[in-house]
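The chain contents come next:
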Amino acid sequence: MEAEEYNEHFYTCPLLNKEIDQGACYDINMVAGGWIKKEVLIVLEREYGMSIDTAIASQICPACKHSL
């Protein structure tokens, strides 16, 4: 896989202030939008070593350029 293709699947997340993969962004957006339960984020919280505040996500994610 070329470097450009690889980078297309990672986003700089304004919520977490770090690079996250496209799937993590999708999951966070789905929880922030109320489409799926917060428990889905447990794996991401472990992976990134931080708690994901869904109240803040619901404010930040809709304005993000990577938002659904």
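Shown above is the structure to which this text applies.
Conventions we followed
Residues numbered from 1 in each chain as written. Predicted model: local features only at pLDDT ≥ 70, side-chain atom pairs only at ≥ 80, totals over all residues. Heavy atoms only, no water. 1 Å grid on protein atoms, 1.4 Å probe; cavity = no way out; pocket = protein on both sides within 12 Å on 5 of 7 lines; lining within 4 Å. Points joined across faces, edges and corners; volume = space filled by probe spheres on them. Helix = DSSP H or I, 4+ residues; strand = E, 2+ residues; numbered from the N terminus. Nonpolar A, V, L, I, M, F, W, Y, C, P; charged D, E, K, R; others polar. Buried < 20%, exposed > 50% of the residue type's maximum accessible area, 1.4 Å probe, protein only. Pairing = 2+ DSSP bridges. Salt bridge = Lys/Arg side-chain N within 4 Å of Asp/Glu carboxyl O.

(A) Fine view of empty space enclosed by the protein. Within this structure, the stated rule accounts for one cavity of 30 Å³ or more. Counted as a void, the largest cavity has a volume near 90 Å³. Surrounding the largest cavity, 13 residues form its lining, C13, C25, N29, C61 and C64 being those nearest its centre. Elements represented by at least two residues in the lining of the largest cavity include exactly strand 1 (10–13) and helix 2 (22–32). Broken down by class, the residue content of the lining of the largest cavity amounts to ten nonpolar, three polar and no charged.

(B) Geometry of the environment of V40. Locating V40 in the fold gives a position in the loop between helix 2 and helix 3 (42–48). Judged by relative accessible area, which is 35%, V40 ranks as partly exposed. Measuring from C-alpha to C-alpha, the distance between V40 and D27 comes to 7.3 Å, with 13 residues separating the pair along the chain.

(C) Examining the pairing of strand 2 (residues 18–21) more closely. The sheet contact formed by strand 1 and strand 2 spans four bridges and is antiparallel. Counted as the bridge partner of F10 is D21 from strand 2. Taken together, strand 1 and the strand that follows it, strand 2, pair antiparallel across an intervening segment of four residues, in which N17 is found at a positive phi of about 55°.

(D) View of the pattern of salt bridges. Summed over the entire model, instances satisfying the criterion amount to one salt bridge. With a closest N to O distance of 2.9 Å, K38 and E45 form a salt bridge.

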